[in-house]
Amino acid sequence: MKSSAATVQQYLAELPEDRRAVVEAVREMVRHNLPEGYSESMRWSVITYEVPLERYPKTHNGQPLAYLAIAAQKNYYALYLTCVQGSEQEARLREGFKKAGKKLDMGKSCLRFKKLDDLPMNVLAEEVAGTPPDAFIAQYEAARQPDK
């Protein structure tokens with residue numbers, strides 16, 4: 001679902017009540033577990049949690065570093081977890097879903113789900129809380145280094 005909302009509140013107001021409830025529940029979990037130093041904004045038509053440019057301006061595209069994002073897409077919800085892509089956090093996430101008996105539907109960093117019950121919220125909370133901004137910046141910088 002494409003949104004033209006300029007604020008998170010506008011984005012939430014655009015959603016039908018049942019879809020808004022799901023997004024708000026995931027947002028609440030994120031905000032409760034998000035390490036200090038990230039900010040919430042609307043970017044790319046989704047709710048984004050990012051390292052502000054004031055803290056780290058040297059990004060490849062001039063945009064804040066996106067830590068994670070939440071979206072209500074047309075046929076599913078998405079939690080974009082750039083914080084776990086290709087890392088030991090991803091392995092922990094996969095194992096957490098398995099132990100919880102939940103099916104993980106995830107691409108590179110896009111975790112897709114149809115209802116809240118599809119998510120082991122405690123597992124996601126640990127991953128959200130697991131990478132403070134300085135560590136995320138270090139991961140970003142390491143990934144941008146050419147292989148030697």
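Each residue is numbered by its place in its chain's sequence as written, counting from 1. For this predicted model, a pLDDT threshold of at least 70 governs which residues receive local features, and a threshold of 80 or more governs which side-chain atom pairs are given and counted, while totals over whole chains, interfaces and linings are taken from all residues. Side-chain metrics rest on all non-hydrogen atoms present in the structure, leaving aside hydrogens and water.

> Could you clarify how one ought to interpret the packing of aromatic side chains in this entry?
To describe a pair of aromatic rings, you give the distance between the ring centres and the angle between the ring planes. Here the aromatic set is Phe, Tyr and Trp, taking the six-membered ring for Trp, and pairing holds for ring centres within 6.5 Å; pairs whose planes are under 30 degrees apart are stacked, those over 60 apart are edge-to-face, and all others are tilted. In this structure the tally under the stated criterion is 5 aromatic pairs. Seen in terms of ring centroids, tyrosine 56 and tyrosine 140 are 5.9 Å apart; in terms of plane orientation they differ by 85 degrees. Their pairing is edge-to-face. Of the two residues, tyrosine 56 is situated in the loop between strand E2 (46-51) and strand E3 (65-72) and tyrosine 140 in helix H5 (residues 133-144); the sequence distance between them amounts to 84 residues. Tyrosine 56 sits in the buried class, given a relative accessible area of 7%. Each member of the aromatic cluster is reached from another via a ring pair, and the members are Tyr38, Tyr67 and Phe136. Think of it as a cone above the ring: NZ of Lys or CZ of Arg counts as a charge over the ring if it is within 6 Å of the ring centre and within 35 degrees of the ring normal. Over the face of the ring belonging to tyrosine 77 we find arginine 19, whose NZ or CZ atom lies 4.6 Å from the ring centre. In this structure, arginine 43 packs its charged tip against the face of tryptophan 44, placed 5.8 Å from the ring centre. A run of H or I in DSSP counts as a helix once it spans at least four residues, and a run of E counts as a strand once it spans at least two, with each numbered from the N terminus. The cut-offs for exposure are 20% and 50% of the maximum accessible area for each residue type, with area from a 1.4 Å probe on protein chains only; residues under the lower value are buried, those over the upper are exposed, and the others partly exposed.

> It is not clear to me how H5 should be interpreted in this structure. Could you clarify?
Given 3.6 residues per turn, any residue in an α-helix points the same way as the ones three and four places further on. The end-to-end C-alpha distance of H5 is 16 Å, a good match for the 16 Å that 12 residues give at a rise of 1.5 Å each. The complete set of buried residues in H5 reads Pro133, Phe136, Ile137 and Tyr140. Seen end-on, H5 carries its buried residues on one side only, within an arc spanning 100 degrees. In this structure, H5 carries Asp134 and Ala142 as exposed residues pointing more than 90 degrees from its buried face. The contact definition used throughout considers only heavy atoms, calling two residues in contact when any of these lie within 4.5 Å. The elements touched by buried residues of H5 are E2 and E3. Expected helix span is taken as 1.5 Å per residue step, with the number of steps being one fewer than the number of residues. Along the arc lie the directions from the helix axis toward the C-beta atoms.

> Sorry if this is basic, but what is going on with the side chain of glutamine 89 here?
The residue glutamine 89 is located in helix H3 (residues 88-100) in this model. Using a relative accessible area of 9% as the deciding quantity, one classes glutamine 89 as buried. With residues near it in sequence (within four places) discarded, glutamine 89 still touches Cys83, Val84, Glu127, Thr131 and Gln139.

> What is the right way to read the confidence of the model for the protein from this model?
Where the model shows low pLDDT, its predicted coordinates should not be examined in detail. The predictor attaches a confidence to each residue, and that confidence, scored 0 to 100, is pLDDT. Across the protein, the average pLDDT comes to 92, with 97% of residues at or above 70. Taken element by element, the protein is modelled with least confidence in H5, mean pLDDT 89, and with most confidence in helix H2 (residues 17-33), mean pLDDT 97.

> Is there a simple way to explain H3 in this structure?
Over its 13 residues, H3 runs 18 Å from end to end, which matches the ideal 18 Å to within 8%, given 1.5 Å per residue. Burial in H3 covers these residues: Gln89, Glu90, Leu93, Gly96 and Phe97. Viewed end-on, H3 has its buried residues packed into an arc of 120 degrees, placing them on one side of the element. Within H3, the exposed residues directed more than 90 degrees away from the buried face are Glu88, Lys98 and Lys99. The inward-facing, buried residues of H3 contact strand E5 (105-106), strand E6 (110-113), helix H4 (121-129) and H5. One or two residues past the end of H3 sits glycine 101, with phi positive at roughly 75 degrees.

> In this structure, what is going on with the pattern of salt bridges? I would like to understand it.
When the charged atoms of two side chains lie near each other, side chains of opposite charge can form a pair. Salt bridge criterion: a side-chain nitrogen from Lys or Arg within 4 Å of a carboxyl oxygen from Asp or Glu. What the rule picks out here adds up to 11 salt bridges. With a closest N to O distance of 2.7 Å, arginine 27 and glutamate 40 form a salt bridge. On the criterion of sequence distance, the pair formed by arginine 27 in helix H2 and glutamate 40 in strand E1 (residues 39-43) is long-range, its members being 13 residues apart. On the basis of relative accessible area, arginine 27 is assigned to the buried category, the value being 13%. Assessed through its relative accessible area of 26%, glutamate 40 is described here as partly exposed. The salt bridge partner of glutamate 90 is arginine 94, with a shortest N-O separation of 3.0 Å. Of this pair, glutamate 90 and arginine 94 both sit in helix H3, 4 residues apart, which is roughly one turn of the helix. The class for arginine 94 is partly exposed, based on a relative accessible area of 38%.

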